[in-house]
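Structure assessment
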Amino acid sequence: MNFRIEKDSIGAMNIPETNYYGINTVRAQENFNLGSKNVNLKLIYEIALIKKAAAMVNKSLKQLAEDKANAIIKASEEVIAGEFDYEFVVSAFQGGAGTSTNMNVNEVIANRAIEILGGTKGDYVVVHPLDDVNMSQSTNDVYPTALRVAAIHLLRKLSYSLAELQEALQSKENEFSTVIKLGRTELMDALPMMLGQEFGAYAKAIERDRWRVYKVEERLRQINLGGTAIGTGVNASHKYIFMITDTIQELTGLGLARSDYPMDITQNNDVFVEVSGLLKACSTNLLKISNDLRLLASGPRGGFGEIELPQMQAGSTIMPGKVNPVIPEMIGQVAMRVMANDYAITMAASSGQLELNAFMPLIAEGLLESLELLNNGVEIFREKCIAGIKPNKEKCQATLENSAVLAAALVHHLGYDQAAQIARKALREAKTIRDVLKEENIFSDSRIDEILNPFEVTKPGIPGMSGK
């Protein structure tokens, strides 16, 4: 392998000639050699988009030579298109508040721009990673802006995915609207209900999540581009500060706005905590729903068995015919991971000091991972689980009839104490409430049917319907 020599203020290093990254990236590789995941590529692409925007503005202001600017713009576009994904090799967990990530992007774009101009990689007289690619910028305004843009794109996708999940649950609400079953509170027999109402309640929870995710985007739209290192705009001209925001708006198609106090955006990361907190709330609902589905489908003969989940894969290497609820288990683990990421994001955001938060890389990795997991997980959950759920009407009916909960319908007619006596007798003698009433000859058969008809609790327009 052939090498080129690059130097920085610390010393010189050999860099493989074929690579576009440079000395700063190699030092970061060595310093953060954790054997874990690298920086999320969605963050890399948005940083490259900012490099493109900065080159466009600096070219317009005649701060950057036209040929250099055009080469940087073209190189940035190639990075955004994914042509250099293999060059972004720095660990997601790094010191320096994201400086290593920014430098990795600067070096790749610089060396590709040098190549476009006919030069040799590493000849930074042609295009310099800092003087040219990073002109009028700092990691501290580029990195948080890139994270905000990446998060907005993923939030929009998640809002749509949640809307589709909500619709799928509402479809099941309608489909199961005539399936009577036993309701349960604290895992004990409660009152009759429709299976559709159970899914309607899930749909309402997801509806709230969809709305929260949709609205929180507003919090991310303020950016600190042009604020440079601490938000004061040192090394960025007044014209650049205004033009860079307009340019990034045009390139992203997002309603971004220059913060009226860039130092706030540079210092404080509470907005990411807020977004993560809403993802945690969404995960709470997803975990609860997935746990309910596993319980309702348990068995098939030794459990509740009131619904059937789509059979996706064999469930055991020793028990033939066993099929596990793998999709609800998957979304449950996704939810748990998002909750764990939320704690890490909270800790990182609260650990910044003074004018900068050194733990931004952890915030970025945690937030983007949570968004990606939820986007993919919700889609799989809808397609491979919710859409294929079937009711076990006979099991639902039998479980309800064999319980003593229908005694609740007697309270209005006989009083609580006598109804409780009938319920206890039914349980003690393994009989239905209907059987005990007939034995006691309290009501006529037609009157018993009228009193115990649980469909009366599910007439349209009463609480328990999702109101689509």
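Reading the values: the criteria
- Residues numbered from 1 in each chain as written.
- Predicted model: local features only at pLDDT ≥ 70, side-chain atom pairs only at ≥ 80, totals over all residues.
- Heavy atoms only, no water.
- Domains from an automatic or database assignment.
- Contact = heavy atoms within 4.5 Å.
- Buried area = accessible area lost by both parts, 1.4 Å probe.
- Salt bridge = Lys/Arg side-chain N within 4 Å of Asp/Glu carboxyl O.
- Polar contact = N/O pair within 3.5 Å; in protein donor to acceptor, adjacent residues only side chain to side chain.
- Helix = DSSP H or I, 4+ residues; strand = E, 2+ residues; numbered from the N terminus.
- pLDDT = per-residue confidence, 0-100.
- Patch = residues over 30% accessible without salt bridge, like charges linked within 9 Å, V, L, I, M, F, W, Y side chains within 5 Å.
- Areas by Shrake-Rupley, 256 points an atom, 1.4 Å probe, with all protein chains shown as cover.
- Buried < 20%, exposed > 50% of the residue type's maximum accessible area, 1.4 Å probe, protein only.
- Pairing = 2+ DSSP bridges.
- 1 Å grid on protein atoms, 1.4 Å probe; cavity = no way out; pocket = protein on both sides within 12 Å on 5 of 7 lines; lining within 4 Å.
- Points joined across faces, edges and corners; volume = space filled by probe spheres on them.
- Nonpolar A, V, L, I, M, F, W, Y, C, P; charged D, E, K, R; others polar.
- Phe/Tyr/Trp six-rings, centres within 6.5 Å; stacked < 30°, edge-to-face > 60°.
- Lys NZ or Arg CZ within 6 Å of the ring centre and 35° of its normal.
- Axes fitted to C-alpha atoms, helices over the stretch in contact; angles between N-to-C directions.
- Parallel < 35°, antiparallel > 145°, perpendicular 65-115°, else oblique.
- Left-handed = near helix turned anticlockwise from the far one by under 90°.

Regarding the domain arrangement of the protein chain
The assigned domain composition of the protein chain is domain 1 (3-135), domain 2 (141-393) and domain 3 (404-458). Here the C-alpha centroids of domain 1 and domain 2 sit 32 Å apart. The interface is formed by 26 residues belonging to domain 1 together with 30 residues belonging to domain 2. The junction of domain 1 with domain 2 conceals about 2300 Å² of combined surface from both sides, 76% of it contributed by carbon and sulfur atoms. A per-residue breakdown of the area domain 1 buries against domain 2 is headed by L43, I50 and A97, which together make up 25% of the total. At the surface where domain 1 touches domain 2, the tally comes to three salt bridges. Linking E365 and K37 is a salt bridge whose minimum nitrogen-to-oxygen distance equals 3.2 Å. If you look at where domain 1 meets domain 2, you find five residue pairs in polar contact (both at pLDDT 80 or more). Contributing elements (two or more residues each) for the side of domain 1 that touches domain 2: α2 (41-60) and α4 (99-116). Broken down by element, the side of domain 1 that touches domain 2 gets its largest block of residues, 14 residues, from α2.

So, the confidence of the model for the protein chain
Looking at the protein chain as a whole, the pLDDT averages 94, with 97% of positions reaching at least 70. Counting interchain partners and residues more than four positions distant, the pLDDT-below-50 stretch residues 456-463 has six contacts.

Describing a nonpolar patch on the surface
There is a patch of nonpolar side chains on the surface, built from L34, F93, F359 and L362 and spanning about 340 Å² of accessible area. Within the secondary structure layout, L34 lies in the loop between α1 (23-31) and α2. Relative accessible area serves as the criterion here: at 52%, L34 is assigned to the exposed category.

Quick look at the side chain of E6
As for its position among the elements, E6 is in strand β1 (residues 3-7). A polar contact is formed between the side chain of E6 and the side chain of R4, at a distance of 2.8 Å. Residue contacts for E6: discarding those within four places in its chain leaves G11, A12, M13, I15, Y21, G22, I23, N111, G122 and Y124.

Considering unusual backbone geometry
A cis amide bond links G299 with the next residue in sequence, P300, at an omega value of 10°. Look at A97: it is not a glycine, yet its phi comes out positive at around 60°. Inspection of the secondary structure assignment puts A97 in the loop between α3 (66-80) and α4. Despite not being glycine, L354 has its phi angle at roughly 55°, a positive value. Checked against the element boundaries, L354 lands in the loop between α11 (326-349) and α12 (360-384).

Thoughts on the pairing of strand β2 (residues 12-16)
Pairing geometry for β1 and β2, over five bridges, is antiparallel. Looking at β2, one finds that K7 is bridged to A12.

Looking at the layout of surface pockets
One simple way to see leftover space: roll a probe sized like a water molecule over the atoms. A volume near 500 Å³ is recorded for the largest pocket. If you go around the largest pocket, you meet 20 residues; those closest to its centre are A297, G299, P300, Q311 and V323. Class assignment of the residues belonging to the lining of the largest pocket gives a composition of seven nonpolar, eight polar and five charged. Reported here for the second largest pocket is a volume of approximately 380 Å³. Along the walls of the second largest pocket sit 19 residues, with K181, G183, R184, M193 and E198 positioned nearest its centre. Mapped onto the lining of the second largest pocket, the elements with two or more residues apiece are β3 (180-185), β4 (188-194), α7 (195-220) and α10 (270-296). Here the residues of the lining of the second largest pocket sort into eleven nonpolar, three polar and five charged.

Examining the packing of aromatic side chains
In total, this model carries five aromatic pairs according to the counting rule given. The interplanar angle of 75° and the centroid separation of 5.5 Å between the aromatic rings of F199 and Y202 together place this pair among those described as edge-to-face. Pair noted here: F199 and Y202 are both in helix α7, with a separation of three residues, about one helical turn. Taking relative accessible area as the criterion, F199 reaches 0% and is therefore assigned buried. In textbook terms, an aromatic cluster arises when at least three aromatic residues are bridged by ring pairs, as seen for Y20, F84 and Y86. Here the basic side chain of K121 rests over the ring of Y20, its NZ or CZ set 4.6 Å away from the ring centre.

Quick word on the pairing of β1
In summary, the side chains of a regular strand alternate between the two faces of the sheet. Along β1, the buried face is formed by R4 and E6; none of F3, I5 and K7, which line the opposite face, is buried. The antiparallel hairpin formed by β1 and β2 contains four residues in its connecting segment.

Topic: the packing of helix α6 (residues 139-175) against α12
Remark: α6 packs on α12, axes separated minimally by 9 Å, with the N-to-C direction vectors making an angle of 20°. With respect to their mutual orientation, α6 and α12 come out roughly parallel. For the crossing formed where α6 meets α12, the hand is left-handed. For the contact of α6 with α12, a count of residues per class yields 21 nonpolar, three polar and four charged.

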